[in-house]
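Chain by chain, the residues:
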Amino acid sequence: QVHLVESGGGLVQAGGSLKLSCAASGNIFGFKAMNWFRQAPGKQRDLVATITNGGSTNYADSVKGRFTISRDNAKNTVYLQMNSLAPEDTAVYYCNAVTFITSTNYWGQGTQVTVSS
């Protein structure tokens, strides 16, 4: 069983920065990809950023140039550096891991990010 634990959320003013962390109970190098999703109240959960096992990254258009996903394999941790935050970035942010072969998804419990104007 894989456990993902997010941290680093909080309240920040518009234009500020936060860095989210996702600590995995297992070796993250064993996952096909690790992702950050977010879900605002009343909206669907959307993909924000992806980092693959090979290190490739991809971002939603809304966060390109502002957010950076990275990982530290030695610490089994994935990060999301968020800069130039705006009120529309307010959401619960979820870490997600996808396994090879079966593409099983694992989710963290989420961390709240609130950006005030």
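Note that this is a predicted model, so its numbers are computed, not measured.

Definitions and limits used
Residues numbered from 1 in each chain as written. Predicted model: local features only at pLDDT ≥ 70, side-chain atom pairs only at ≥ 80, totals over all residues. Heavy atoms only, no water. Helix = DSSP H or I, 4+ residues; strand = E, 2+ residues; numbered from the N terminus. Rg over C-alpha atoms; globule rule 2.2 N^0.38 Å. Contact = heavy atoms within 4.5 Å. Areas by Shrake-Rupley, 256 points an atom, 1.4 Å probe, with all protein chains shown as cover. Lys, Arg positive; Asp, Glu negative; His and termini not counted. Charge placed at Lys NZ, Arg CZ, Asp CG, Glu CD. Core = buried A, V, L, I, M, F, W, Y, C linked by side-chain atoms within 4.5 Å. Buried < 20%, exposed > 50% of the residue type's maximum accessible area, 1.4 Å probe, protein only. Pairing = 2+ DSSP bridges. Axes fitted to C-alpha atoms, helices over the stretch in contact; angles between N-to-C directions. Salt bridge = Lys/Arg side-chain N within 4 Å of Asp/Glu carboxyl O. Phe/Tyr/Trp six-rings, centres within 6.5 Å; stacked < 30°, edge-to-face > 60°. Lys NZ or Arg CZ within 6 Å of the ring centre and 35° of its normal.

*Asks:* Sorry, what's going on with the overall build of the chain here?
*Replies:* Each helix and strand in the chain was counted, giving 0 helices and 11 strands. Tracing the chain from N to C terminus, the helices and strands come up as β-β-β-β-β-β-β-β-β-β-β. The globule rule puts the C-alpha radius of gyration for 117 residues at 13 Å, and the 13 Å found for the chain is close to it. C-alpha atoms of the chain, sized along the principal axes, occupy 45 × 25 × 25 Å. At a minimum sequence separation of 6, the contacts of the chain that also span at least 24 residues come to 54%. When the accessible surface of the chain is totalled, it reaches about 5,900 Å², and 50% of it is carbon and sulfur. The positive charge centre, built from 9 side chains, and the negative charge centre, built from 6, are 5 Å apart in the chain.

*Asks:* How should the nonpolar core be read in this particular structure?
*Replies:* Side chains that are nonpolar tend, in soluble globular proteins, to be buried together. Counting residues in each nonpolar core, the largest one holds 29 residues, and the members touching the most others are Leu4, Met34, Trp36, Leu80, Met82 and Tyr93. The set of elements that each furnish at least two residues to this core consists of strand E3 (18-24), strand E4 (31-39), strand E5 (45-52), strand E7 (67-72), strand E8 (77-82), strand E9 (91-99) and strand E11 (111-116). Leu80 has contacts with Leu18, Lys19, Leu20, Trp36, Val48, Ala49, Phe67, Thr68, Ile69 and Tyr93, leaving out every residue within four places of it along the chain.

*Asks:* Quick question: what am I supposed to make of the sheet that holds E7 here?
*Replies:* In any sheet, the strands associate via hydrogen bonds between backbone groups, in a parallel or an antiparallel arrangement. An order of E1-E3-E8-E7 is seen for the 4 strands of this open sheet, with the pairing classed as antiparallel. Edge positions in the sheet fall to strand E1 (4-7) and E7, since each of these pairs with one other strand and no more. Each adjacent strand pair in this sheet contributes to an overall mean axis angle of 15°, direction not counted. Bridging between E3 and E8 involves 6 bridges; their strand directions are antiparallel. The residue bridging Ala23 from the neighbouring strand is Thr77, located in E8.

*Asks:* Would you mind showing me how to read the pattern of salt bridges here?
*Replies:* Note that side chains of opposite charge can pair when their charged atoms are close. Evaluated as defined, the whole model comprises 3 salt bridges. Linking Asp61 and Lys64 is a salt bridge whose minimum nitrogen-to-oxygen distance equals 3.2 Å. Each of Arg38, Arg66 and Asp89 takes part in a single network of salt bridges with overlapping partners.

*Asks:* Explanation requested: the packing of aromatic side chains in the structure shown.
*Replies:* Geometrically, a pair of aromatic rings is defined through the distance of the ring centres and the angle of the planes. Overall, the coordinates contain 1 aromatic pair when judged by the stated rule. Between the NZ or CZ atom of Arg45 and the centre of the ring of Tyr94, over which it lies, the distance is 3.6 Å.

*Asks:* Explain unusual backbone geometry here, please?
*Replies:* Most peptide bonds are trans, and most residues other than glycine sit at a negative phi. Backbone geometry places Ser84, a non-glycine residue, at a positive phi of 50°. Inspection of the secondary structure puts Ser84 in the loop between E8 and E9. Classification of Ser84 by relative accessible area gives partly exposed; the value is 45%. Of note in this structure, Ile101 is not a glycine but carries a positive phi near 65°. Structurally, the position occupied by Ile101 is in the loop between E9 and strand E10 (105-107).

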